[in-house]
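Tertiary structure, described
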Amino acid sequence: MHLSNETYQFLEAAPPCLILEANPPVYTILFANQEYYRATNTTELDLIGKPVFTAFPKNPNDTENEPVEALRGSLEECLSSKKKSRLPAQRYDIPIRGTDEFQLKYWEASNTPILDSNGDVKFINHTVVDITGAFELAKKERISFEVAESRRKSLYRLLMEAPAVICVYSGPKFVFDFINPGFQQLFPGRELLGKTFAEALPELVEQGFLDVMDQVYQTGQSFEGRESLVSIPQDNQTEFVHYYLDFVIQARYSDDGQIDGIRVYGHNVTDRVLSRRLVEESEERLKSMLNSLAQITWTTNQKGEIQFLNKKWLDYTGSNHSNNQGIGLAEIIHPDDYNKTREVFNNLFSEQKAGEFRCRLRRYDGSYRWHLNTLKPLDFAGDEEQIWIGTATDIEMIMQMQKQKDEFVSTVSHELKTPVTSLKAYTQLLHREILKNENCGNRSHVQRMEAQISRLEVLIRDLLDVSRIESGKLEFKEEVFDISELISNLVRDLQLVSPSHRLVILQNPSLIVNADKNRISQVLINLITNAVRYSPGADTVNISVLQEDGQLVVSIEDFGIGIPDDQKPFIFNRFHQAEKSNPGAGLNLGLGLYISKEIIDRAGGRIWFNSTPEKGSTFYFSLPLSKDTIPSN
């Protein structure tokens, strides 16, 4: 294309442009100025003589825009109308020469017709403006605005949905700018926005809130209120609703750093305050009641820290009444009882259950007296920590009487043992003489005498064992033995003296234990004879031996009268008999189960039972198995 020098200089000074031949649909590029080459990063070789849509094809990765069609449409409009056609801002990516990649670009463009002497369009001046930088900047600003707007909406939604009391005031007269539903709920039916604090809430002005707000506005120092009482009149203006609020009042600052309002953020804690006051009132009533008790009483937390001591405690220990502070439990327990008492405390705390124990407590005069102590957890709604109540009942006189009784029982038992032994010997001699005389009719009488003397021996032995248990002198001689052999031999012997019942061994595996064989025999004999004695209407007693979790478990099951529910808690107490009217009970002091429990406890085991009245009972005891190898059958 031939251009005059003046025309060439004019085009080179113009914005980036192309001169296209008006030969649709090809639109051959005839000229490009230097600004266009720079804008599109091209050379004369890339453009001159080539169709415009070959030089600038569509980016295949741009699936949202149709820049080629838009440019084609504008060129066709220019040809048909012979007028300038403008293209709005649009994306038209430029190919990176020598690669398959494209450079992202945004342009504004126009197509101007150049007419010949006949008035026909001979050329088209295609002029462009690269607006990529401006477009990206606008895009970033739009994104920033959208993010800011999204955050503003999120913050607004958060404030409106927050379970809190929130409001914002403007200016020194505190005009309501913003309130959330939590704030509005305190004042139902009132129009607040746009009004001053004094106009909208005059009753709060009288309660001193306006003075606090003024102070924050003037000084910029925040104010924090805890459980502040707010009284709001109802519609009749005579009744008030009372709220308790935790809140913070803060100054609000403008862009130039000046205070232009205040913000209030708070929580309605009315339910919490009222609940705590109910608990406090309950605790005060409890303390008043505990102070009226004749027993020593205290309360403690889960850590064992004393929280309350009643008047009886203060009187007993000689503590100061003026500040309700007294000597703690640990300080007055007898040194010999302390470790065991501490162990009981820890066990009850860890198991979360009530219990009792005995120990000696030091009185104000320095003397120690025995007390029966109980400890029980209390449940107060809303309490964050567990509260325990303890009582101590003076049992010094009972312990002295018990000691005298034990001494009496021990003495009498020892005194009876000698004449009973002699009586048994003479009875046996008499029995031999009678056996020599086949015609003598007194043989059965002598046999009954021997049986009663044997029972008397058992009673004396039990009384002596009780005395030894109480004094801590019950002897144990451990040995390793097979429980199977012991049970087999005992059942065979007991069957001979229990003809009314079948003693059936259901399971009896060979298991090795390390315990006092004679004492375990004593437990077995007691449980089996009890099963026979208390099942007069049945004829079977089942004995089983099992291995469970490394423990030997023995069970003795009868089908007799069972144990009444009201007697079950006391069944292992000494001198207790669950069914004294049973005709088969005979001479029985109710010591067998008490002694059996002490023996099993000393052996490191456990004894328990299940019983249903009129259906029977099953007694169990467990023992640790020996580490020795269990012998094969």
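Here we summarise the structure given alongside this text.

Moving on, we get to the pattern of salt bridges. All chains considered together, the criterion is met by 20 salt bridges. Note that aspartate 93 is salt-bridged to arginine 91, the shortest N-O span being 2.9 Å. For aspartate 93, a relative accessible area of 3% puts it in the buried group.

Inspection of the secondary structure assignment puts threonine 127 in strand β7 (residues 121-130). Discounting residues that sit within four places of it in the chain, threonine 127 has contacts with Pro15, Pro16, Cys17, Glu108, Ala109 and Ser110.

Next up on the list: unusual backbone geometry. Here the bond from proline 24 into proline 25 is cis, since omega is 0 degrees, no more than 30 degrees from zero. Relative to the helices and strands, proline 25 resides in the loop between β1 (17-21) and β2 (29-32). A positive phi is found at phenylalanine 174, a non-glycine position, where the angle reads about 60 degrees. Here phenylalanine 174 lies in the loop between β8 (165-170) and β9 (175-179).

Our next topic: the sheet that holds β7. Strand order across the open sheet formed by five strands is β2-β1-β7-β6-β3, with antiparallel pairing between neighbours. The open sheet has two edge strands with one neighbour each: β2 and β3 (85-91). Taking each pair of neighbouring strands and ignoring which way they run, the sheet shows an average axis angle of 20 degrees. As paired elements, β1 and β7 share five bridges and run antiparallel to each other.

Counting 39 residues, the largest nonpolar core has Ile483, Ile520, Leu524, Leu552, Ile556 and Phe621 as the members making the most contacts within it. A per-element tally of this core places helix α18 (residues 517-533) first, with seven residues. Those residues within four positions of leucine 552 in sequence are excluded, and the remaining contacts are Ile483, Leu511, Val513, Val545, Leu546, Phe621, Ser622, Leu623 and Leu625. By size, the runner-up hydrophobic cluster in this structure holds 29 residues, among which are Phe176, Ile179, Phe183 and Phe187.

All right, on to the sheet that holds strand β19 (residues 502-507) then. Strand order in the open sheet formed by five strands is β19-β21-β22-β24-β23, with mixed pairing between adjacent strands. One side of each edge strand has no neighbouring strand; the edge strands of this open sheet are β19 and β23 (606-612). Within the sheet, the average angular offset between the axes of one strand and its neighbour, ignoring direction, is 15 degrees. Of the strands in this sheet, β19, β21 (540-548), β22 (551-557) and β24 (616-624) touch α18, which is tilted by about 170 degrees from β24.

About the thresholds
- Residues numbered from 1 in each chain as written.
- Predicted model: local features only at pLDDT ≥ 70, side-chain atom pairs only at ≥ 80, totals over all residues.
- Heavy atoms only, no water.
- Salt bridge = Lys/Arg side-chain N within 4 Å of Asp/Glu carboxyl O.
- Buried < 20%, exposed > 50% of the residue type's maximum accessible area, 1.4 Å probe, protein only.
- Helix = DSSP H or I, 4+ residues; strand = E, 2+ residues; numbered from the N terminus.
- Contact = heavy atoms within 4.5 Å.
- Pairing = 2+ DSSP bridges.
- Axes fitted to C-alpha atoms, helices over the stretch in contact; angles between N-to-C directions.
- Core = buried A, V, L, I, M, F, W, Y, C linked by side-chain atoms within 4.5 Å.

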